[in-house]
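Chains, contacts and geometry: an overview
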Amino acid sequence: AQSVSQHNHHVILSEAASLELGCNYSYGGTVNLFWYVQYPGQHLQLLLKYFSGDPLVKGIKGFEAEFIKSKFSFNLRKPSVQWSDTAEYFCAVRSNTGKLIFGQGTTLQVKP
Amino acid sequence: NAGVTQTPKFRVLKTGQSMTLLCAQDMNHEYMYWYRQDPGMGLRLIHYSVGEGTTAKGEVPDGYNVSRLKKQNFLLGLESAAPSQTSVYFCASSQAGRLGYNEQFFGPGTRLTVL
């Protein structure tokens, strides 16, 4: 069965620090990958997605993610985080049955 | 344009009670989904619908039923609530197309506690 693993469950950073959140998936076929963000008290929003083409994907709010097929990874990055980036981040993969499979989530806390 | 709305926002039930969660979307989306979010487990798909009058099971359907009588509404029912169903429930919708291909838009969630 396909699965998504997010290794960092809770990350604490100071403002201006660089961010990298890990995401690995377990499917060898064609994959569609997503990162969603959930700000405190709000619903999930799409940050970015990868379907094909350039493996470096740019999203909203300065986030980007790199698809590395050989490593089955789709890590999320941001060069300089802000306090407003405090949120929970979910990686997801579209399964071969078409449905989204989500990772466990990573809680990011940015200290001002 | 409200997007995806859910009612109620919070609910406390006793074991064995029943309730229905309502999801409504005003984006004319064909597909709708119900997820539950539990700590350390991410979001798991309960049921989904690819059109009015059709529903299908997701990853964790047991103990839940759904109905899609109108395109804009997707109801999630708990016939006999159990403490294991304590969770945050999210509804989502997306345009038609290859399932999962289009961005899913999420509602604000319903926090359910079953005592």
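The preceding data block contains the structure.
Here is a short report on the structure shown in this document. Within any chain, residue numbers begin from 1 and follow the written order of that chain's sequence. Numbering of ligands from 1 and lettering of chains from A proceed in the order in which they are written. Whole-chain, interface and lining totals are the exception, using all residues; otherwise, since this is a predicted model, local features are given only for residues with pLDDT of at least 70 and side-chain atom pairs are given and counted only at 80 or more. As a convention, hydrogens and water are excluded, and side-chain values are obtained from all of the structure's heavy atoms.

1. Some words on the overall build of chain A
Note the cut-off: Every helix listed is a DSSP run of H or I at least four residues long, and every strand listed is a run of E at least two residues long, numbered separately from the N terminus. Atoms counted for the radius of gyration: C-alpha only. Globule rule: 2.2 Å times the number of residues to the power 0.38. Burial classes: relative accessible area under 20% of the type maximum marks a residue as buried, over 50% as exposed, and values in between as partly exposed (1.4 Å probe, protein chains only). The accessible surface values rely on the Shrake-Rupley method and a 1.4 Å probe; as for residues, cover is taken only from the protein chains in view. In this tally, Asp and Glu contribute negative charge and Lys and Arg positive charge; neither His nor the terminal groups of the chain are included. Lys charges are placed at NZ, Arg charges at CZ, Asp charges at CG and Glu charges at CD.
When its secondary structure is counted, chain A shows zero helices and 12 strands. Mapped from its N terminus to its C terminus, chain A presents α and β elements in the order β-β-β-β-β-β-β-β-β-β-β-β. In terms of C-alpha radius of gyration, chain A reaches 13 Å, essentially the compact-globule figure of 13 Å for 112 residues. By the burial criterion, 47% of the 112 residues in chain A qualify as buried. Carbon and sulfur atoms make up 52% of the accessible area of chain A, which totals about 5200 Å². Both charge centroids of chain A, one from 10 positive and one from 7 negative side chains, sit 7 Å from each other.

2. Things to note about the pairing of strand 1 (residues 4–7) of chain B
Residues and elements named next belong to chain B. The condition that has to hold: Strand pairing is assigned whenever DSSP identifies at least 2 bridges connecting the two strands.
Because side chains alternate across strand 1, one face comprises the buried residues Val4 and Gln6, and the other comprises Thr5 and Thr7, none of which is buried. As judged from the four bridges shared by strand 1 and strand 3 (residues 19–25), these two strands associate in the antiparallel manner. Residue pairing in the sheet places Thr5 in a bridge with Ala24 of strand 3.

3. Digging into the packing of aromatic side chains
Residue and element names in this part refer to chain A. Keep this limit in mind: Ring geometry is summarised as follows: Phe, Tyr and Trp rings, the Trp one being its six-membered ring, pair when their centres sit within 6.5 Å, and such pairs are stacked at plane angles under 30 degrees, edge-to-face over 60 and tilted between the two.
Going through the model one piece at a time under the given rule, you end up with 15 aromatic pairs over all chains. Taken together, a centroid distance of 5.8 Å and an interplanar angle of 50 degrees make the contact between Tyr36 and Phe102 tilted. Residue Tyr36 is located in strand 5 (residues 33–38), and its partner Phe102 is located in strand 11 (residues 100–102); the two are separated by 66 residues in the primary sequence. For the pair Tyr36 and Phe102, a shared accessibility class is recorded, and that class is buried.

4. Focus: the pattern of salt bridges
Keep this limit in mind: When a carboxyl oxygen of Asp or Glu is within 4 Å of a side-chain nitrogen of Lys or Arg, the pair counts as a salt bridge.
Taken as a whole and assessed by the stated rule, the structure comprises seven salt bridges over all chains. The salt bridge involving Arg77 of chain A is made with Glu64 of chain A; its shortest N-O contact spans 3.4 Å. Of this pair, Arg77 of chain A sits in strand 9 (residues 73–78) while Glu64 of chain A is found in strand 8 (residues 64–68), placing the two residues 13 residues apart along the sequence. When the shortest N-O distance is used, the salt bridge between Lys71 of chain B and Glu30 of chain B registers 3.0 Å. One end of the pair, Lys71 of chain B, is in the loop between strand 7 (65–67) and strand 8 (73–78); the other, Glu30 of chain B, is in the loop between strand 3 and strand 4 (31–38), and 41 residues separate them in sequence. Classification of Glu30 of chain B by relative accessible area gives partly exposed; the value is 28%. Because the salt bridges share partners, they merge into one network encompassing Lys58, Glu64, Glu66 and Arg77 of chain A.

5. A short note on the interface of chain B and chain A
Quick reminder of the rule: Note on definitions: a residue-residue contact is assigned when non-hydrogen atoms from the two residues lie within 4.5 Å. Two parts lose some accessible area (1.4 Å probe) when they are put together, and adding that loss for both gives the buried area. Whenever two N or O atoms come within 3.5 Å, that pair is a polar contact, provided that in protein one can donate a hydrogen and the other can accept it, and provided that, for residues adjacent in sequence, both atoms are side-chain atoms.
In this complex, chain B contributes 18 residues to the contact, which on the side of chain A involves 18 residues. Both sides of the chain B and chain A interface together cover about 1600 Å² of buried area, and 59% of this is carbon and sulfur. On inspection of chain B and its partner chain A, the count reaches zero salt bridges. Our count for the chain B to chain A interface comes out at three residue pairs in polar contact (both at pLDDT 80 or more). Elements with a contribution of two residues or more to the side of chain B that touches chain A: strand 4 and strand 5 (42–51) of chain B. It is strand 5 of chain B that contributes the most residues to the side of chain B that touches chain A, four residues altogether.

6. A word on the nonpolar core
Residue and element names in this part refer to chain A. Rules: Here, the term nonpolar core denotes a set of buried Ala, Val, Leu, Ile, Met, Phe, Trp, Tyr and Cys residues that are joined through side-chain atoms within 4.5 Å.
By size, the foremost hydrophobic cluster in this structure holds 28 residues, and its most contacted members are Leu33, Trp35, Leu47, Leu48, Phe74, Leu76 and Tyr89. Among the secondary structure elements, those contributing two or more residues to this core are strand 2 (10–14), strand 3 (19–21), strand 5, strand 6 (44–50), strand 8, strand 9, strand 10 (87–94) and strand 12 (106–111). With four residues, strand 10 is the largest single contributor of residues to this core. Beyond its immediate stretch of four places on either side in the chain, Leu48 contacts Leu33, Phe34, Trp35, Val57, Lys58, Gly59, Phe63, Glu64, Ala65, Phe74 and Leu76.

7. Focus: the side chain of Gln85 of chain B
All names here are of chain B. Structurally, Gln85 is set in the loop between strand 8 and strand 9 (87–94). Gln85 gets classed as buried once you look at its relative accessible area, which sits at 5%. Separated by 3.1 Å, the side chain of Gln85 and the backbone oxygen of Gly63 make a polar contact. In this structure Gln85 touches Arg36, Asp62, Gly63, Tyr64, Leu78, Ser80, Leu112 and Val114, once residues within four positions along its chain are discounted.

8. Describing the layout of surface pockets
By rolling a water-sized probe across the atoms, one finds the places where empty space is left. Our working definition: Points on a 1 Å grid over protein atoms alone make up a cavity when a 1.4 Å probe fits among them but cannot get out, and a pocket when they form an open set with protein on both sides within 12 Å along at least five of seven lines; lining residues each have an atom within 4 Å of a point. Grid points are joined across faces, edges and corners, and a volume is the space filled by probe spheres set on the points. For this scheme, ten residues count as nonpolar: Ala, Val, Leu, Ile, Met, Phe, Trp, Tyr, Cys and Pro. Four count as charged, namely Asp, Glu, Lys and Arg, and the remainder, Gly too, count as polar.
As a volume, the largest pocket reaches approximately 560 Å³. Listed by contribution, the elements that provide at least two residues to the lining of the largest pocket are strand 10 of chain A together with strand 4, strand 9 and strand 11 (110–114) of chain B. Ranked by the residues each element gives to the lining of the largest pocket, the list is headed by strand 11 of chain B, at four residues. Per-class residue counts for the lining of the largest pocket are 11 nonpolar, 13 polar and four charged.

9. Side note on unusual backbone geometry
Residue Pro8 of chain B is bonded to the preceding Thr7 of chain B through a cis peptide linkage, with omega at -5 degrees. Positioned with a positive phi, Lys61 of chain A is a non-glycine residue whose angle comes to about 60 degrees. Assignment of secondary structure puts Lys61 of chain A in the loop between strand 7 (56–58) and strand 8.

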